[in-house]
Amino acid sequence: MASTTSPIRIGVVGYGNLGRGVEAAIALNPDMRLAGIYTRRPPAQLKPGNADTPVYAMDSLLSHKGQLDVLILCGGSKDDLPSQTPELAAHFNLIDSFDTHARIPEHFAKVDQAAQGGQTTALISAGWDPGMFSINRLMGEALLPDGATYTFWGKGLSQGHSDAIRRVPGVAGGVQYTIPVEAAVEKVRSGVRPELSTREKHRRQCFVVLQDGADADAVRQTIVEMPHYFDEYDTAVHFISAEELARDHGAMPHGGFVIRSGNTSAQSKQVIEYRLQLDSNPEFTSSVLVAYARAVHRMAQAGQYGCKTVLDVAPGLLSPKSAAQLRAELL
């Protein structure tokens, strides 16, 4: 594997928090070039970090086929990626961060059909979970077959749960933090293999700005009883001002742990732990996408077409360094 001799031409589809993070990550990788940003907004309204970066209307993307090596899709998993990824995989090598875990097999099948038909390489569900945590769950299971895997998320701001809060009648604004229960984490780290309920593993903390005249008790009750989001957790709701929300809760920190606790013999307990502590969830996710975009480019050059996940990618393909450099420096 040799270093890329000419910059990998990256197209960014969407320019929200994730798209801006991808733009910043590309700037840190000299073997890549941001060839264009594609948006559904009027292009003139979008101001990229580098004023020289071209901005195009989304409907011009197909006319640029052959001018881009990899597309990085920065849309949402709910409404954008389920249709966008398979549609574009028929024409471009690409990568997305689809994170609806239960629907990944379905998403994979649609994207694979499109990519096989178009002779492209399309990698889905890259990021930190799914993504980096997925790799560490696999490693834990493979290395400690007699064991149990535990995933803890946070402390961090959950964008999906925060959006659910903001949709509650009477709420003007709000955020939600997912917080691991420390006692549960320490029990797992000790090598014990506890059976933990959803409530025992995480708690949720909400900071909410009420609309004028809203009933605080009714809002609190609606949040804590919300199915699939809060009803299975110990949830605290704090009412704050709009000024406090803007001042104290504008960042997007996150992170978590993957812990595999197991035995290699009756006498020997082993614990594997992988941890992330992130100041910015979207910026880190963007960095993962950019590294895997390099791998997608190399796999496409090798004729490895179809849909892929992070579980299919050799680690060396992520690095701009040659295989010889990696053997000399990292082994």
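I will try to describe carefully the structure that is included in this document.

The rules behind each value
- Residues numbered from 1 in each chain as written.
- Predicted model: local features only at pLDDT ≥ 70, side-chain atom pairs only at ≥ 80, totals over all residues.
- Heavy atoms only, no water.
- 1 Å grid on protein atoms, 1.4 Å probe; cavity = no way out; pocket = protein on both sides within 12 Å on 5 of 7 lines; lining within 4 Å.
- Points joined across faces, edges and corners; volume = space filled by probe spheres on them.
- Helix = DSSP H or I, 4+ residues; strand = E, 2+ residues; numbered from the N terminus.
- Nonpolar A, V, L, I, M, F, W, Y, C, P; charged D, E, K, R; others polar.
- Pairing = 2+ DSSP bridges.
- Axes fitted to C-alpha atoms, helices over the stretch in contact; angles between N-to-C directions.
- Contact = heavy atoms within 4.5 Å.
- Patch = residues over 30% accessible without salt bridge, like charges linked within 9 Å, V, L, I, M, F, W, Y side chains within 5 Å.
- Areas by Shrake-Rupley, 256 points an atom, 1.4 Å probe, with all protein chains shown as cover.
- Salt bridge = Lys/Arg side-chain N within 4 Å of Asp/Glu carboxyl O.
- Buried < 20%, exposed > 50% of the residue type's maximum accessible area, 1.4 Å probe, protein only.
- Parallel < 35°, antiparallel > 145°, perpendicular 65-115°, else oblique.
- Left-handed = near helix turned anticlockwise from the far one by under 90°.
- Core = buried A, V, L, I, M, F, W, Y, C linked by side-chain atoms within 4.5 Å.

1. A few points about the layout of surface pockets
In this structure, the largest pocket occupies an estimated 1,900 Å³ of space. What lines the largest pocket is a set of 46 residues, and nearest its centre among them are Asp-99, Ser-158, Gln-159, Gly-160 and His-161. Put simply, the parts of the chain that give the lining of the largest pocket at least two residues each are helix H1 (17-27), helix H5 (159-166), helix H7 (198-201), strand E10 (202-210) and helix H10 (281-301). Looking at which element gives the most residues to the lining of the largest pocket, the answer is H5, with 6 residues. Contributing to the lining of the second largest pocket are 13 residues, with Ile-135, Tyr-292, Val-310, Val-313 and Pro-315 lying nearest its centre. Considering every element that reaches the lining of the second largest pocket, the biggest residue donor is helix H4 (residues 132-143), with 5 residues.

2. Observations concerning empty space enclosed by the protein
Following the criterion strictly, the structure yields 1 cavity of 30 Å³ or more and no others. Of the voids in this model, the largest cavity is the one considered here, and its volume is about 30 Å³. Lining the largest cavity are Asn-136, Gly-140, Val-258, Ile-259, Arg-260, Ile-272, Glu-273 and Tyr-274. Elements represented by at least two residues in the lining of the largest cavity include exactly H4, strand E12 (254-263) and strand E13 (269-278). Of the residues that constitute the lining of the largest cavity, the class distribution is 4 nonpolar, 2 polar and 2 charged.

3. What to know about the sheet that holds E12
On the basis of which strands lie adjacent, the open sheet formed by 3 strands has the order E7-E12-E13 and antiparallel pairing. Every other strand in the sheet has two partners, leaving strand E7 (147-153) and E13 as the edge strands with one partner each. The average undirected angle you get between the axes of adjacent strands in this sheet is 10 degrees. H4 rests against E7, E12 and E13 of the sheet, and its axis sits at about 5 degrees to E12.

4. Re a nonpolar patch on the surface
On the surface, Leu-138, Met-139, Leu-143, Ile-272 and Leu-311 cluster together to form a nonpolar patch covering roughly 440 Å² of accessible area. If you tally residues by element for the nonpolar patch, the top one is H4, at 3 residues. Relative to the helices and strands, Met-139 resides in helix H4. Look at Met-139 and you get partly exposed, because its relative accessible area is 42%.

5. Some remarks on the packing of helix H2 (residues 81-89) against helix H3 (residues 104-118)
Where H2 contacts H3, the axes come no closer than 7 Å and their chain directions differ by 20 degrees. Taken together, H2 and H3 sit at an angle that is classed as roughly parallel. The handedness of the crossing between H2 and H3 is right-handed. Contact residues: H2 offers Leu-81, Pro-82, Thr-85, Pro-86 and Ala-89, while H3 offers His-107, Lys-110, Val-111, Ala-114 and Ala-115. Its residues placed into classes, the contact of H2 with H3 shows 7 nonpolar, 2 polar and 1 charged.

6. Quick notes on the pattern of salt bridges
This model, assessed by the stated rule, comprises 16 salt bridges. Where Asp-69 meets Arg-9, a salt bridge forms, and the shortest distance between an N and an O atom there is 3.1 Å. On the criterion of sequence distance, the pair formed by Asp-69 in the loop between strand E3 (55-57) and strand E4 (70-73) and Arg-9 in strand E1 (residues 8-13) is long-range, its members being 60 residues apart. Using a relative accessible area of 27% as the deciding quantity, one classes Arg-9 as partly exposed. Here Glu-182 and Arg-189 are joined by a salt bridge, their closest N and O atoms 3.9 Å apart. Given a relative accessible area of 46%, Glu-182 falls into the partly exposed group.

7. A word on the nonpolar core
With 36 residues, the main nonpolar core has Ile-10, Ile-72, Ile-95 and Tyr-292 as its most contacted residues. Those elements that provide at least two residues to this core are E1, H1, strand E2 (32-39), E4, H4, E13 and H10. In terms of residue count, the dominant contributor to this core is H10 (8 residues). With residues near it in sequence (within four places) discarded, Tyr-292 still touches Ile-95, Leu-123, Met-132, Ile-135, Val-310, Val-313 and Leu-318. One finds Val-13, Leu-71, Leu-94 and Ala-115 within the second-largest nonpolar core, a separate group that totals 20 residues.

8. Considering the pairing of strand E9 (residues 171-180)
Across the 10 residues of E9, 9 count as buried, placing the element largely inside the fold. As paired elements, strand E8 (residues 156-157) and E9 share 2 bridges and run antiparallel to each other. Each residue of the ladder has a partner; that of Leu-157, found in E9, is Tyr-177. Pairing geometry for E9 and E10, over 9 bridges, is antiparallel. Each residue of the ladder has a partner; that of Gly-173, found in E10, is Val-209.

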